[in-house]
Amino acid sequence: MTMTLAQLLAPMTPEQFFAEYHDKQPLHLKGDPAKFASVLSWRQINRLLDMTHAWTSHSLKLVLDGKPVPPHEYCASSTGRDDGGTLMQPVVDKVREWVKRGASVVMNDVDSLTPGLASVSHAIESAGLGKAQANVYISWQSHKAFPAHYDTHDVWAVQVEGEKTWNVWEGRAEWPISHPIFRSQTQEHHEQAKGRLRAKVLMKPGDLLYLPRGWYHDALAEAPASVHVAYGAHAPVGMDLMTILGERVLYDAAFRQPLPRQDGSAAAKFALTQRAGQLGQRIAELCRDPKVMEVLERFVADYRYRRGGNDLLGWRGMVPEGAGAGESEGADAAAFRIVATGAKPVRRGAEWVLKAPSGALPLSPHEAEAAAWALARPDVTETELAKAHPGADAAGLLGKLKEAGLVVPA
């Protein structure tokens, strides 16, 4: 499963995005519920959370009304599987109680955990926008997880469930980076720096919100439950050039020589100033060196995380390479996400019909009953439908609903 930047931005073109919005101003794009239906679902969230050994107090966090829940209040000390060390791992019963109280759930670093999540990462990184790291934010109506703040990376927020209102403020920090001088700023500072309200953005399933690095924002769930995936695009910056130059000057004797000794005299200060100027000039020359530029160009072009590409049977020659590459996607295809919120069959005389984007869909009585049951759920599998309504052809009905645009593979 892959996605391109054009698909992520549709109906806007990438050309318009780069000309008018990238690193310039926020962008809200409305989309239909099917647009990001394959990115994440409640079923997949529960499946991921059930991988209990994969989560710690660092990767799974709880936040209640702006205050982080201390790890010891929802985790227990456990022995790590790798080195036998101790770590804090979430306890289901404790997490349940906090969620009942309204605590938001934050799942960190999920950008490669499922094909759907990785597809948005691929779209961002393939466009040269930097390394895409994703967090899932699950929140409940009227409970705000975080106060007004900015991020040290561009934010691409994908709404997959429910609704959430974002306050986008006029203030913007000047290209902040992940460093203590920015992380140590107080909430009082942020409240003063955020400025006036620029826009209130209501995010619905299928919507996309882009925020340039440093732009102040906060959000509050409007529906009973809201899920969005926030992709942070960490682009290479000028300081990365200094790192490359730092490695290059190891081979330049001028940078290995001692600096002029300082004895407080004017001559000593002048000598140090002269040496600093010479070294600065040498750095400028290195910045024009074709070999240095080749390293820098390759660094910027390849600035992304590496995901996927595994094909064990193909590598062994047991099947053609690539034949099994989509296995995990095929497994997810058995589940269908309901995208027609509120749709249900109605009786017209002796017949049943279901209103769909493509028109009225005729159904048999058994299909109508099964469709009503399925469409009242967030998602459904063929097995679940067949078990609940054995009188209906589950595979055939799901095929009809899919063609009608009422469900999509999850």
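A brief structural summary. (Residues numbered from 1 in each chain as written. Predicted model: local features only at pLDDT ≥ 70, side-chain atom pairs only at ≥ 80, totals over all residues. Heavy atoms only, no water.)

Turning our eyes to something else, we now look at the overall build of the protein. Assigned secondary structure in the protein consists of 16 helices and 19 strands. Dimensions of the protein, computed from C-alpha atoms along their principal axes, come out at roughly 105 × 55 × 50 Å. Across the 410 residues of the protein, 41% fall into the buried class. Long-range pairs, those at least 24 residues apart, make up 78% of the contacts in the protein between residues at least 6 apart in sequence. Of the roughly 22200 Å² of accessible surface on the protein, a fraction of 55% belongs to carbon and sulfur atoms. Here the protein carries 45 positive and 47 negative side-chain charges, and the mean point of each set is 3 Å from the other. (Helix = DSSP H or I, 4+ residues; strand = E, 2+ residues; numbered from the N terminus. Buried < 20%, exposed > 50% of the residue type's maximum accessible area, 1.4 Å probe, protein only. Contact = heavy atoms within 4.5 Å. Areas by Shrake-Rupley, 256 points an atom, 1.4 Å probe, with all protein chains shown as cover. Lys, Arg positive; Asp, Glu negative; His and termini not counted. Charge placed at Lys NZ, Arg CZ, Asp CG, Glu CD.)

Another point: helix H5 (residues 115–126). Think of an α-helix as turning once every 3.6 residues; residues three or four places apart then point the same way. The end-to-end C-alpha distance of H5 is 16 Å, a good match for the 16 Å that twelve residues give at a rise of 1.5 Å each. Along H5, the residues that are buried comprise Pro115, Gly116, Leu117, Ala118, Ser119, Val120, Ser121, Ala123, Ile124 and Glu125. Phi turns positive, to about 75°, at Gly128, one or two residues after H5. (Expected span 1.5 Å × (residues − 1).)

Next up on the list: the pairing of strand S16 (residues 351–356). Look at any regular strand and the pattern is simple: side chains alternate between the two faces of the sheet. Summarising the sheet, strand S15 (residues 346–348) and S16 pair through three bridges and their orientation is antiparallel. Looking across to S16, one finds that Val346 is bridged to Val353. Two strands pair when backbone bridges link them, and S16 and strand S17 (residues 359–363) are joined in this way by five bridges, in the antiparallel orientation. Paired with Ala356 across the bridge in S17 is Gly359. Hairpin remark: S16 followed by S17, antiparallel, with two residues in the connecting loop. (Pairing = 2+ DSSP bridges.)

Where helix H8 (residues 238–248) contacts helix H10 (residues 266–287), the two axes come as close as 11 Å, and the packing angle between them is 105°. Considering their axes alone, H8 and H10 lie roughly perpendicular with respect to each other. Facing H8, whose interface residues are Leu241, Leu245 and Arg248, H10 presents Arg282, Ile283, Leu286 and Cys287. Of the residues that constitute the contact of H8 with H10, the class distribution is five nonpolar, no polar and two charged. (Axes fitted to C-alpha atoms, helices over the stretch in contact; angles between N-to-C directions. Parallel < 35°, antiparallel > 145°, perpendicular 65-115°, else oblique. Nonpolar A, V, L, I, M, F, W, Y, C, P; charged D, E, K, R; others polar.)

With that out of the way, let us pick up the side chain of Arg337. Topologically, Arg337 is positioned in strand S14 (residues 335–338). Overall, Arg337 belongs to the buried group, its relative accessible area being 4%. Ignoring sequence-local partners within four residues, the contact set of Arg337 consists of Phe36, Ala37, Leu40, Ser41, Val160, Glu161, Pro378, Asp379, Leu406, Val407, Val408 and Ala410.

Moving on, we get to the pattern of salt bridges. Under the definition given, this model contains 17 salt bridges. For Glu384, the salt bridge goes to Arg43, with nearest N and O atoms at 2.8 Å. Taken together, the positions of Glu384 in helix H15 (residues 382–388) and Arg43 in helix H3 (residues 42–49) put the pair 341 residues apart, joining distant regions of the chain. On the accessibility criterion, Glu384 (25% relative accessible area) is partly exposed. Asp93 is paired through a salt bridge with Arg96; the nearest N and O atoms lie 2.9 Å apart. Taken together, the positions of Asp93 and Arg96, both in helix H4 (residues 92–100) and three residues apart, correspond to about one turn of that helix. With a relative accessible area of 39%, Arg96 lands in the partly exposed category. (Salt bridge = Lys/Arg side-chain N within 4 Å of Asp/Glu carboxyl O.)

So, about the pairing of strand S6 (residues 104–107). Here S6 shows two buried faces, one formed by Ser104 and Val106 and the other by Val105 and Met107. Where strand S2 (residues 60–64) lies against S6, four bridges are found, and the strand directions are antiparallel. Residue pairing across strands places Val63 opposite Ser104, the latter belonging to S6. Relative to strand S7 (residues 131–140), S6 is paired through three bridges, and the arrangement is antiparallel. Bridge pairing links Val105 to Ile138 in S7.

Our focus in this paragraph is the sheet that holds S14. Strand order in this open sheet of three strands is S18-S14-S19, and the pairing throughout is antiparallel. The open sheet has two edge strands with one neighbour each: strand S18 (379–381) and strand S19 (407–409). Taking the axes of each pair of neighbouring strands and ignoring which way they run, one obtains an average angle of 30° across the sheet. Packing of helix H16 (residues 394–403) onto the sheet brings it into contact with S14, S18 and S19, and relative to S19 it is tilted by some 105°.

Turning to unusual backbone geometry, a few remarks are in order. The omega angle of the peptide bond from Ala10 to Pro11 is 10°, so this bond is cis rather than trans. Tracing the chain through its elements places Pro11 in the loop between helix H1 (5–9) and helix H2 (14–20). Its identity is not glycine, yet Asp23 carries a phi of approximately 60°, on the positive side. Mapped onto the secondary structure, Asp23 falls in the loop between H2 and strand S1 (27–29). The backbone of Asp65 shows a phi angle near 50°, a positive value even though the residue is not glycine. Checked against the element boundaries, Asp65 lands in the loop between S2 and strand S3 (67–68).

Attention now goes to H8. By the burial criterion, the buried members of H8 are Asp240, Ile244 and Leu245. The buried side chains of H8 occupy one side of the element, clustering within an arc of 145° when seen end-on. Relative to its buried face, H8 has exposed residues pointing more than 90 degrees away, namely Gly238 and Met239. Lining the buried residues of H8 we find H10 and helix H11 (290–301). (Arc of directions from axis to C-beta.)

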